[in-house]
Number of protein chains: 2
Amino acid sequence: MALALVDEIGRDAFSMRKLGAELGVDPMAVYRYFDDQEALFDGIAEAIFAELDVDTLPWDGPWRDLVEQYSVRLRDALLAHPHAVAIFATRPLRSPAAIATGVRTVELMTGAGFAAGDALRILRCLREFTVGHALGLAVLRLGGRRRSRKPAPDAPEYNLLARGADEADDGDHFAPGLAAMLDGFADPAGRSGDARAPRPPRT
Amino acid sequence: MALALVDEIGRDAFSMRKLGAELGVDPMAVYRYFDDQEALFDGIAEAIFAELDVDTLPWDGPWRDLVEQYSVRLRDALLAHPHAVAIFATRPLRSPAAIATGVRTVELMTGAGFAAGDALRILRCLREFTVGHALGLAVLRLGGRRRSRKPAPDAPEYNLLARGADEADDGDHFAPGLAAMLDGFADPAGRSGDARAPRPPRT
DNA sequence: AGAAAGAGTCTACGCTGTAGCCATGACTTC
DNA sequence: GAAGTCATGGCTACAGCGTAGACTCTTTCT
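Cut-offs and rules
- Residues numbered from 1 in each chain as written.
- Chains lettered and ligands numbered in written order.
- Predicted model: local features only at pLDDT ≥ 70, side-chain atom pairs only at ≥ 80, totals over all residues.
- Heavy atoms only, no water.
- Helix = DSSP H or I, 4+ residues; strand = E, 2+ residues; numbered from the N terminus.
- Buried < 20%, exposed > 50% of the residue type's maximum accessible area, 1.4 Å probe, protein only.
- Contact = heavy atoms within 4.5 Å.
- Areas by Shrake-Rupley, 256 points an atom, 1.4 Å probe, with all protein chains shown as cover.
- Core = buried A, V, L, I, M, F, W, Y, C linked by side-chain atoms within 4.5 Å.
- UniProt positions renumbered as here; feature names shortened; annotations may be inferred.
- Near = heavy atom within 4 Å.
- Polar contact = N/O pair within 3.5 Å; in protein donor to acceptor, adjacent residues only side chain to side chain.
- Nonpolar A, V, L, I, M, F, W, Y, C, P; charged D, E, K, R; others polar.
- Axes fitted to C-alpha atoms, helices over the stretch in contact; angles between N-to-C directions.
- Parallel < 35°, antiparallel > 145°, perpendicular 65-115°, else oblique.
- pLDDT = per-residue confidence, 0-100.
- Expected span 1.5 Å × (residues − 1).
- Salt bridge = Lys/Arg side-chain N within 4 Å of Asp/Glu carboxyl O.
- Phe/Tyr/Trp six-rings, centres within 6.5 Å; stacked < 30°, edge-to-face > 60°.
- Lys NZ or Arg CZ within 6 Å of the ring centre and 35° of its normal.

Asker: Which residues make up the overall build of chain A, and what values go with them?
Answerer: Scanning chain A from N- to C-terminus turns up 9 helices and 0 strands. Per-residue burial for chain A yields a buried fraction of 46% across its 203 residues. In chain A, once contacts between residues fewer than 6 apart in sequence are set aside, the share between residues at least 24 apart is 66%. Looking at chain A as shown, the accessible area adds up to about 10,000 Å², and 53% of this sits on carbon and sulfur atoms.

In structure tokens form, the structure reads like this:
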């Protein structure tokens, strides 16, 4: 499986020839099933999307729970394949399954009173934040090269950034960020109203 | 200039040899200045960051204006180089200039009452959303291949997603998303009133 | 004067994506 | 059974890639 090989050796080291070798098959045989490497990467993106298992999302609950769950699952699925996040992030993903999920979500949100355009805007924001987060985190975790060499707490150049980095883990801002964005969308005028899921306390 | 060449022919078509040809120089000459292609791409990312011209940001105003301006400028700079967005998004950017900007921003936010860790979390969220947005948009705009073939409004398969896409342009959700996230961070308890008051100290 | 450093060039190696053509076996249609 | 079609995989070959290593030429420092 192409995704597994990318997970193992990374996107840069990946090649059609190695994929063929992994499958015990001539490299050119892969081209029977995919037009070219781009198409194969499209398949990888779809495979990651399939791991979301969108059917088991809380489709019957409030829209906020649904999109929050969706975002968390997407994040987790992406971080499970750090070497493939960039592949996922750099293509549109117009597979029927993805489109169907999008339609279903917009339907649910229009049912909750959103205009279709507004619903789509919110979903795009969430997706972009989630993908951006996963990509940034994957890059950080993989980028083994020269590590950040953060100054020690008693060093003179120990600045606020370093202290902030000590206080904040690399990935623990996703849930707060997601909640903040949803809060902002749910309550755009600052008025409190109907559905406001209780936010998990930060830290 | 490497960035200009990437802008022109795209990242995939880019090669050290073509860069050398563009500069009217032997391809290997580039290796005098950059260890390898990765280091050169690091330089491209730094060049994009330099275009932000962070010194002219509203450093004397409220933190929210600052980070909002910063995000908008980052988005604009990235979208000005659609072929290079993926390059920017897939490396950590630890240049001195970028670190100094981060330190300065965190300083301003702690001055406004934030804990350093919380400030850093907020900045990370904004950066990830911004980069994710620019990347998604660049991919959409460049991905010429099979266009989306959205169904016509009177076609039977004209669904809510298509209607949403008609109502919402590709890129017009960035400002609302940014505002929503900032609203959410400024008013984390969901209570209306004097927004943008930082949270009481954590733990 | 010589030494050292910097800049650019040339060659070569192992790797890449993939076009084109051929071999094989299974299945369909007479 | 015979003949044709089709899916699958193998092999070869080509143009291009990143870059290691050794070389030359020019400028600057002592």
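Text resumes after the structure shown.
Asker: Describe the nonpolar core, naming the residues involved and giving the relevant values.
Answerer: In terms of nonpolar packing, the biggest core is built from 117 residues, with L40 and I44 of chain A together with I44 of chain B touching the most fellow members. Discounting residues that sit within four places of it in the chain, I44 of chain B has contacts with A2, L3, V6, A84 and I87 of chain B.

Asker: Just give me the short version of helix α8 (residues 160–167) of chain A, but keep the residues and values in it.
Answerer: Among all positions of α8 of chain A, only L160, L161, A162 and G164 of chain A are buried. Among the structural elements, α6 (96–111) and α7 (116–142) of chain B are those in contact with the buried residues of α8 of chain A.

Asker: Break down the UniProt feature "DNA-binding region" (unreviewed entry) in chain A for me, citing the residues and quoting the values.
Answerer: Here the UniProt-annotated "DNA-binding region" (unreviewed entry) positions come out as residues 15–34 of chain A. Between the C-alpha atoms that bound residues 15–34 of chain A there is a distance of 14 Å. The span itself is 35% helix and 0% strand.

Asker: Any chance you could break down the protein's contact with DNA strand D for me, citing the residues and the numbers?
Answerer: Around DNA strand D sit 15 residues, and of these D26, R32 and Y33 of chain A together with R17 and Q37 of chain B come closest. If you look at DNA strand D and keep only atoms within 4 Å of the protein, 46% of those are sugar or phosphate atoms. A distance of 2.6 Å separates a phosphate oxygen of DNA strand D from a polar atom in the side chain of Y33 of chain A. With 3 residues, the single largest contributor to the surface near DNA strand D is helix α2 (residues 16–22) of chain B.

Asker: Quick one: what's the story with the protein's contact with DNA strand C, residue by residue and with numbers?
Answerer: Around DNA strand C, a shell composed of 15 residues is seen, among which R17, Y31 and Q37 of chain A together with D26 and R32 of chain B lie nearest. Within the contact set of DNA strand C, a phosphate oxygen lies 2.9 Å away from a side-chain nitrogen or oxygen of S15 of chain A. The contact in question runs from a phosphate oxygen of DNA strand C to an N or O atom on the side chain of Y31 of chain A, over 2.8 Å. In terms of residue count, helix α2 (residues 16–22) of chain A provides more of the surface near DNA strand C than any other element does, 3 residues in total. Within the surface near DNA strand C, the residues separate by chemical class into 7 nonpolar, 2 polar and 6 charged.

Asker: Which residues make up unusual backbone geometry, and what values go with them?
Answerer: Residues and elements named next belong to chain A. Its identity as a non-glycine residue notwithstanding, L93 has a phi of 60°, on the positive side. Looking at the element boundaries, L93 is found in the loop between α5 (85–89) and α6 (96–111). Overall, L93 belongs to the buried group, its relative accessible area being 14%.

Asker: An account of the packing of α8 of chain A against α7 of chain B is needed here, citing residue identities and associated values.
Answerer: At a closest axis distance of 7 Å, the pairing of α8 of chain A and α7 of chain B adopts a crossing angle of 85°. Our classification of the angle between α8 of chain A and α7 of chain B gives roughly perpendicular. Contacts between α8 of chain A and α7 of chain B involve L160, L161, R163, G164, A165 and E167 of chain A on the former and, on the latter, A116, G117, L120 and R121 of chain B. For the contact of α8 of chain A with α7 of chain B, a count of residues per class yields 5 nonpolar, 2 polar and 3 charged.

Asker: Tell me about the environment of T130 of chain A, and please be specific about residues and values.
Answerer: Residue and element names in this part refer to chain A. Structurally, the position occupied by T130 is in helix α7 (residues 116–142). Between the alpha carbons of T130 and R73 there is a distance of 9.7 Å; along the sequence they are 57 residues apart. Setting aside anything within four residues of it in sequence, one finds T130 in contact with S71, L74, R75 and F174.

Asker: Give a detailed account of the confidence of the model for chain A, specifying residues and quantitative values.
Answerer: All names here are of chain A. The predicted model of chain A averages 87 in pLDDT, with 86% of residues at 70 or higher. Confidence, expressed as mean pLDDT per element, reaches its minimum in chain A at α8 with 78 and its maximum at α5 with 98. In this model residues 189–203 is a low-confidence stretch, pLDDT under 50, and it forms 21 contacts with partners more than four residues away in sequence or in other chains.

Asker: Summarise α6 of chain B; cite the residues concerned and give the values.
Answerer: Between its terminal C-alpha atoms α6 of chain B stretches 22 Å, which fits the 22 Å expected from 16 residues at 1.5 Å a residue. Those residues of α6 of chain B not exposed but buried are A98, T101, G102, V103, T105, V106 and M109 of chain B. Those residues of α6 of chain B that are buried are in contact with α8 of chain A together with α3 (37–50), α4 (63–79) and α7 of chain B. One or two residues past the end of α6 of chain B sits G113 of chain B, with phi positive at roughly 110°.

Asker: Go over the pattern of salt bridges with me, naming the residues and quoting the values.
Answerer: Residues and elements named next belong to chain B. In this structure the tally under the stated criterion is 18 salt bridges over all chains. Residue R64 is joined to E68 by a salt bridge in which the shortest nitrogen-to-oxygen separation is 4.0 Å. Separated by 4 residues within a single helix, R64 and E68 lie in helix α4, roughly one turn from each other. Using a relative accessible area of 11% as the deciding quantity, one classes R64 as buried. A residue is classified by how much of its surface remains accessible, and E68, at 25% relative accessible area, is partly exposed. Salt-bridge contacts for R64 lead to D183; the nearest nitrogen and oxygen are separated by 2.9 Å. Residue R64 is located in helix α4, and its partner D183 is located in helix α9 (residues 174–186); the two are separated by 119 residues in the primary sequence.

Asker: I'd like to hear about the packing of aromatic side chains, residue by residue, with values.
Answerer: Going through the model one piece at a time under the given rule, you end up with 6 aromatic pairs over all chains. A ring pair is formed by F14 of chain B and F41 of chain B, whose centres lie 5.7 Å apart and whose planes are at 50°; its orientation type is tilted. Placement of the pair is F14 of chain B in the loop between α1 (2–9) and α2 and F41 of chain B in helix α3, with a sequence separation of 27 residues. Here F14 of chain B matches F41 of chain B in class, with each residue buried. For the cation-ring pair, R104 of chain A lies above W59 of chain A, with the distance from its terminal atom to the ring centre recorded as 4.0 Å.

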